[in-house]
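# Notes for the structure review
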Amino acid sequence: MDPRKRMEVLAAELLRHQHLYYVLARPEISDAEYDRRLDELVQLEERYPQYAGPNSPSRRVGSDLDGSFPERPHAVPVLSLDKLYEAREAAQWLRKTAAACGNDPGFTVEEKIDGASIVLYYERGELQHALTRGNGLAGSDVSDNVRTIRQVPLRIAEAGSLAVRGEIYITRDDFARFNAGLPEKYANPRNLAAGSLRNLKSSLTARVPLNIFVYEGFFPMGENSGRDHLEVLARLRDLGFRINPRLGFFCDSEPRRRKAQELFPGAVSAPLAGVEDYLLRLGTARAGVAYDVDGLVLKLADLEMRQELGFTAHHPRWAMAYKFEAPQARSELLDVLVQVGRNGRVTPVALLRPVRLSGSTVTRATLHNQDTIDMLELGIGDQVAISKRGDVIPAVDEVLEKSEANPSVYRLPERCPFCASRLVRDGAHHFCRNGSCPERQRRALSYFCAREQMDIESLGEKTIAFLYGKGWLRTIPDIYCFDYARLEGEEGFKERKIARIRAGVEKSREQPFARVLAALGFEGLAAAVAAALIAHGFDDVDKIIAGAARGDWEAFAAVEGIGEVTARQLVDHFTAAANLELIARLRDAGLRFRAEGPSAERIDDSFAGQVWVITGSFESFNPRSLAADEIRRRGGRVAENVTARTTHLLAGASPGSKLAKAEKLKVQVISESGFLERLQSGKQSNNGG
Ligand code: IVH
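The present account deals with the structure reproduced in this document. (Residues numbered from 1 in each chain as written. Predicted model: local features only at pLDDT ≥ 70, side-chain atom pairs only at ≥ 80, totals over all residues. Heavy atoms only, no water.)

With that settled, the discussion passes to the site of the ligand. Around the ligand there are 15 residues in total, and E110, S117, E167, Y215 and K299 lie nearest to it. In the model, an oxygen atom of the ligand is placed 2.5 Å from a nitrogen or oxygen of the E167 side chain. K299 places a side-chain nitrogen or oxygen 3.0 Å from a nitrogen atom of the ligand. Alone, the ligand offers 520 Å² of accessible surface; in the complex the protein occludes 90% of this. (Near = heavy atom within 4 Å. Polar contact = N/O pair within 3.5 Å; in protein donor to acceptor, adjacent residues only side chain to side chain. Areas by Shrake-Rupley, 256 points an atom, 1.4 Å probe, with all protein chains shown as cover.)

Attention now moves to the sheet that holds strand β8 (residues 211-218). Across the sheet, which stays open at both edges, the 4 strands sit in the order β5-β4-β7-β8 with antiparallel pairing between neighbours. Strand pairing shows two members of the sheet lacking a second neighbour, β5 (126-132) and β8, which therefore form its edges. In this sheet, adjacent strand axes meet at a mean angle of 30 degrees when their direction is disregarded. Where strand β4 (residues 116-123) and β5 come together, 6 bridges link them in antiparallel fashion. Bridge pairing in β5 places Y122 opposite L127. On the sheet, helix α6 (residues 189-197) packs against β4 and β7 (162-169) and is oriented at approximately 40 degrees with respect to β4. (Pairing = 2+ DSSP bridges. Helix = DSSP H or I, 4+ residues; strand = E, 2+ residues; numbered from the N terminus. Axes fitted to C-alpha atoms, helices over the stretch in contact; angles between N-to-C directions. Contact = heavy atoms within 4.5 Å.)

This brings us to the layout of surface pockets. What the second largest pocket holds in volume is close to 1,200 Å³. R342, N343, R440, E523 and H573 are, among the 32 residues lining the second largest pocket, the residues nearest its centre. Elements supplying a minimum of two residues to the lining of the second largest pocket: β19 (429-432), α13 (438-449), α21 (564-573) and α22 (577-588). In terms of residue count, α22 provides more of the lining of the second largest pocket than any other element does, 5 residues in total. When the residues that make up the lining of the second largest pocket are grouped by side-chain class, the tally is 11 nonpolar, 11 polar and 10 charged. (1 Å grid on protein atoms, 1.4 Å probe; cavity = no way out; pocket = protein on both sides within 12 Å on 5 of 7 lines; lining within 4 Å. Points joined across faces, edges and corners; volume = space filled by probe spheres on them. Nonpolar A, V, L, I, M, F, W, Y, C, P; charged D, E, K, R; others polar.)

This part takes up empty space enclosed by the protein. Over the atoms, a rolling probe the size of a water molecule traces out where space has been left empty. For the structure on display, the rule yields 2 cavities of 30 Å³ or more. In this structure, the largest cavity encloses a volume near 40 Å³. Grouping the amino acids of the lining of the largest cavity by side-chain chemistry returns 3 nonpolar, 2 polar and 3 charged. In this structure, the second largest cavity encloses a volume near 30 Å³. Contributing to the lining of the second largest cavity are E506, R509, E510, R632, R637 and V638. Taken together, the residues of the lining of the second largest cavity sort by class into 1 nonpolar, no polar and 5 charged.

The topology assignment puts E45 in helix α2 (residues 31-47). Note on E45: relative accessible area 13%, which makes it buried. Sequence-distant contacts of E45, defined by excluding residues within four places in its chain, comprise M7, A52, S56 and S58. (Buried < 20%, exposed > 50% of the residue type's maximum accessible area, 1.4 Å probe, protein only.)

Viewed as axis vectors pointing N to C, helix α1 (residues 3-23) and α2 meet at an angle of 145 degrees, and their least axial separation amounts to 10 Å. Note that α1 runs across α2; the crossing there is left-handed. On α2, the residues touching P3, R6, M7, L10, A11, E13, L14, H17, Q18 and Y21 of α1 are D31, Y34, R37, L38, E40, L41, L44 and E45. Per-class residue counts for the contact of α1 with α2 are 10 nonpolar, 2 polar and 6 charged. (Left-handed = near helix turned anticlockwise from the far one by under 90°.)

The subject of this paragraph is α22. When the terminal C-alpha atoms of α22 are compared, their 16 Å separation across 12 residues agrees well with the 16 Å that a helix rising 1.5 Å per residue should span. Turning to α22, its buried residues number three or more, namely N579, L582, I583, L586 and R587. Buried residues in α22, looked at end-on, bunch into an arc of 130 degrees, giving them a common side. Facing away from the buried side of α22 by over 90 degrees, the exposed positions are A577 and A578. Packing partners of the buried residues in α22 comprise α13, α15 (478-481), α19 (541-549), α21 and α23 (625-633). (Expected span 1.5 Å × (residues − 1). Arc of directions from axis to C-beta.)

Attention shifts here to the packing of aromatic side chains. On inspection of all chains with the given rule, the structure shows 23 aromatic pairs. Taken together, a centroid distance of 6.1 Å and an interplanar angle of 75 degrees make the contact between W93 and F107 edge-to-face. Remark: F107 occurs in strand β3 (residues 106-113) and W93 occurs in helix α3 (residues 87-101); sequence separation between them is 14 residues. Comparing W93 with F107, the two get one shared label, buried. Residues F466 and F493 carry aromatic rings whose centres are separated by 5.0 Å and whose planes lie at 35 degrees to one another, so their mutual orientation is tilted. Here F466, found in helix α14 (residues 461-470), pairs with F493, found in the loop between α15 and α16 (495-508); they are 27 residues apart in sequence, far enough to count as distant. Its relative accessible area of 27% is what places F466 among the partly exposed residues. Taking the relative accessible area as the measure of exposure, F493 reaches 9% and is therefore buried. Three or more aromatic residues joined by ring pairs make a cluster, and in this case those are F466, W472, F482, Y484 and F493. Over the aromatic face of W553 sits the side chain of R568, whose NZ or CZ is 4.2 Å from the ring centroid. (Phe/Tyr/Trp six-rings, centres within 6.5 Å; stacked < 30°, edge-to-face > 60°. Lys NZ or Arg CZ within 6 Å of the ring centre and 35° of its normal.)

Our next topic: unusual backbone geometry. Leaving glycine aside, a negative phi is the common case for residues, and trans is the common case for peptide bonds. With a phi close to 45 degrees, R124 is a non-glycine residue in the positive phi region. Mapped onto the fold, R124 is located in the loop between β4 and β5. Here R124 falls in the exposed class, since its relative accessible area comes to 65%. Here the phi dihedral of D455 falls at roughly 55 degrees; this positive angle occurs in a residue that is not glycine. Relative to the helices and strands, D455 resides in the loop between α13 and α14.

This next bit is on the nonpolar core. Here is a general trend for soluble globular proteins: nonpolar side chains tend to be buried in one another's company. Among the nonpolar cores identified, the biggest contains 53 residues, and F448, I479, Y484, L533 and F574 are the most heavily contacted of them. Setting aside chain neighbours within four positions, we find F574 in contact with L517, F522, L525, V541, I544, I545, A548, L580 and I583. By size, the runner-up hydrophobic cluster in this structure holds 41 residues, among which are I118, A130, L197 and F264. (Core = buried A, V, L, I, M, F, W, Y, C linked by side-chain atoms within 4.5 Å.)

Right, let's talk about the side chain of T646 for a bit. Residue position: T646 is located in the loop between β21 (637-639) and β22 (648-651). The exposure class of T646 is buried, given its relative accessible area of 7%. There is a polar contact of 2.7 Å between the side chain of T646 and the backbone nitrogen of T643. Apart from residues no more than four positions distant in its own chain, T646 is found in contact with V611, V613, N641 and V667.

Taken as a whole and assessed by the stated rule, the structure comprises 46 salt bridges. With its nearest N and O atoms 2.8 Å apart, the salt bridge here joins R190 to D114. Of the two residues, R190 is situated in helix α6 and D114 in the loop between β3 and β4; the sequence distance between them amounts to 76 residues. Classification of R190 as partly exposed rests on a relative accessible area of 33%. Of the charged contacts in the structure, one is a salt bridge between R235 and E158, with a shortest N-O distance of 2.9 Å. Of this pair, R235 sits in helix α8 (residues 229-238) while E158 is found in the loop between α4 (143-147) and β7, placing the two residues 77 residues apart along the sequence. For R235, a relative accessible area of 22% gives the class partly exposed. (Salt bridge = Lys/Arg side-chain N within 4 Å of Asp/Glu carboxyl O.)

Here you go:
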């Protein structure tokens, strides 16, 4: 066959199979067969580039050449929608519009997908241009990138001019997976979709799992494309476009509803009175939808009536968006609070003039880092728009009006507001590198005691701040050394409260290794990472320390769920002298630094009621936590300090001051050999002494 002819045949066939596969999910040939034909076409196109059209199916893989995005005028006005935020009001709008139309009008309700808006222009059956919405009059030509989206038909069986509006989006799952592999993360699926359309190299866009749903078709004027929006959608579907099957049709005419059902068997159809329920139902169901939906679009389906109602300056009068999210609110940036986290990371927080926003009063919003502030060009005194991201976390969206008194953009201070050490920038964030920074220490203490970590209920943020302020708690091991009796007489510390703190601290010694590990608060060592390490055989802190000492980050990276960045962080954390000392002191305090394997199993009650303190070094118990384990396995308790409540001191070589104190308090002192004997003889020696 003549190569040009062969190329045309191959191209047409491949496009048909792409449609079967990507739009209808009903492939007719195997992947291998498809690849074989595509390879053949690509080879022919290399030999005969003059015959390779812009809509060849080979375009789906994109190009490595830098493209650009010239602006082009839109052939159809690309208006946006008026919006309402209450289902009741949206239903009211529908009733009013229906009354204005008379004659049993119909309405569709479509999902308003939170993606990137696109207009596809076809001429003589070929995709000519794909333009972003732009300013509504002209958009950026992102055709090469859009051509890589398999669900976009490159050729259609429609000879006349056609414009199609749609939304390009990515599912939440695909977003999470794809974003994880990107060096620069996107904040949400919409940004990734919009950003992908603006890749300079379309070969990059080709790798992004983008989808499209189209929702409006503009067939040639005068042509009978149906008198009803549903007929337009059905026709687009027949041309190979992807139409969202989650569709509602509301009309009081029973025959029209039946017809709608025939065209779209998956659609919900009901009389007009059913619309409010439907809006509310979809609003609640949106979490279960695979992609982000920010509202619903109500549209008059009768096209002639649409013409009659026409447009305002900005919106069609025949459509209305019902938005799930509350609108933005206007507030003022009163000040920026500079927070310093336990690992030194500096986070600027916007202090806002209090304002009501979707059911709560907002006074603060995170600003993330200096880059975010620079991007917003945000300064103190500015009027700002705020909204809630993901329904909960308030964010500053934009500056509405710069402050006249202070036109500058806010800059983070050069020094830590808590310890005055110089802040250091690392990546997008600034850090306080002073390990003795009071704010970092206080945060580390709070984190350690928090419910998710060691769960020391009685040591909440306020109590910790108080103890820190007094200088009684500085570092984490202090929690286990401090004599809480010193709180007696302090305001707000009644006997019962002090007893509760003591009990909470004691109980926390029983927390499993996984919790202890995560509670250390090392960056990257979250609960999930701790659990993964342990499950993978790093079930003893000494094994982790040994791995880190060898610099063996690969061993950590071999753990499922741990990437290279975290693995390298682990090496740093478990070789840092300060951290090793922290671990040693907590181990001395009796915390668990080994996962409970068989060794943690209870043996008997022979040490019940006893409170042991361990000091010095041992031959059979190295590390000392091995001795502590033996005591616990027999029902005893292990404490850090010798007090009046101590019943036994286990003294090894070079015992130090604890021995003197034990002798003063007449605490029984047991040597290593005596201890071994007790372990062997069990119950009998409990009464001996
Ligand atoms: S209709 C004149 N239908 O929402 C027709 N828009 O402000 C106006 N959108 O960015 C648009 N899903 O891209 C329509 N089913 C849908 C939609 C939808 C998402 C987006 C659209 C635009 C915005 C409208």
